[in-house]
Amino acid sequence: MSDRHTTTATRLNVYTQGQGFPILGLHGHPGTGRSLSVFTNHLSKRYKTFAPDLRGYGKSRYNGNFEMNDHLTDLEALLDRLQIEKCLVLGWSLGGILAMEMALRLPERVTGLILVATAAKPRGSHPPITWQDNLYTGVAALLNYIKPSWQWNIETFGKRSLFRYLIQQHTSITYNYIAKEAVPAYLQTSPAATRALYSAIQSGYNRVLDLQQIKCPSLVLAGDQDRHITSDSSLQTAQHLNNSQWQCYPNTGHLFPWEVPQQVLNDIDHWLEVHPQVIGSQ
């Protein structure tokens, strides 16, 4: 992410819950701050969670093109506006990449990282997408939005759609999250946000060698069947971080927090207990 292009910060829409040490949650693509409810509903019982809609996503509307670097400008301005001196950052997918970038750019303000389905050099293993994939995905998403977790839809369309690359466990819990959070987020993602992401990927985004500069503790979580950002690329990230714990969930995909939510939340809770410094206590 280059610094050659700077813009003034966009005022981000943000969802705030709870009280206590601040945890900043960063969503993926497509996504919104609400996509992180699986984390924020739980963590906000003990901490104060902030989950913004990134520029070009959700209610943080933005007209015109921008670069990935502009997200960091927005996030730094958000911390200033909310008067957050230090925070733990949780990022899912694209949000995890931004979390690492924040730790590199603002090391004195980021106490720790929870990196979900992400990598400093993201690699995918997604097969070519057919017209049938897109058709089944559209039908599955629409039917699921109208009637969440309808088993017939899951069997008939869901398991034959692109959801089969995003998830491995086609359960009603998972499809409920997709209906409530994935579909609305997809509809609110701007073309400019998509262009900014693909431009960064095409330029060969790779921060692996810079990870040694990150000193704060990090928890790296991956799904072993993730086709969008492979568990191998997440493991490479964990291996290059100074103080990291790695956890990989069997038989799960890119949306694994929606597949095995309780396991994921238990692992996060345990990591927070072992690393009290990331939540401002020793």
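The sections below set out a description of the structure shown in this document.

About the criteria used
Residues numbered from 1 in each chain as written. Predicted model: local features only at pLDDT ≥ 70, side-chain atom pairs only at ≥ 80, totals over all residues. Heavy atoms only, no water. 1 Å grid on protein atoms, 1.4 Å probe; cavity = no way out; pocket = protein on both sides within 12 Å on 5 of 7 lines; lining within 4 Å. Points joined across faces, edges and corners; volume = space filled by probe spheres on them. Helix = DSSP H or I, 4+ residues; strand = E, 2+ residues; numbered from the N terminus. Nonpolar A, V, L, I, M, F, W, Y, C, P; charged D, E, K, R; others polar. Salt bridge = Lys/Arg side-chain N within 4 Å of Asp/Glu carboxyl O. Buried < 20%, exposed > 50% of the residue type's maximum accessible area, 1.4 Å probe, protein only.

**Some thoughts on empty space enclosed by the protein**
Next, step 1: Under the counting rule described, the total for this entry stands at two cavities of 30 Å³ or more.
Next, step 2: A volume near 30 Å³ is recorded for the second largest cavity.
Next, step 3: Lining the second largest cavity are Ile23, Gly25, Phe39, Thr40, Leu43, Thr49 and Leu90.
Next, step 4: Every element with two or more residues in the lining of the second largest cavity is listed here: strand S2 (22-26) and helix H1 (37-43).
Next, step 5: In terms of residues, the lining of the second largest cavity owes the most to one element, H1, which gives three residues.
Next, step 6: For the lining of the second largest cavity, the residue count by class is four nonpolar, three polar and no charged.

**Section: the pattern of salt bridges**
Next, step 1: This structure, assessed with the given rule, holds six salt bridges.
Next, step 2: The salt bridge involving Glu101 is made with Arg207; its shortest N-O contact spans 2.8 Å. Of this pair, Glu101 sits in helix H3 (residues 94-105) while Arg207 sits in the loop between helix H8 (191-202) and strand S6 (218-223), placing them 106 residues apart in sequence.
Next, step 3: Exposure remark for Glu101: the relative accessible area of 3% places this residue in the buried category.
Next, step 4: Taking the shortest distance from any N to any O, the salt bridge between Arg207 and Asp210 comes out at 2.9 Å.
Next, step 5: Overlapping salt bridges, with partners in common, bring together Glu101, Arg207 and Asp210 in one network.

Functional significance is not addressed by these values, which are geometric in nature.
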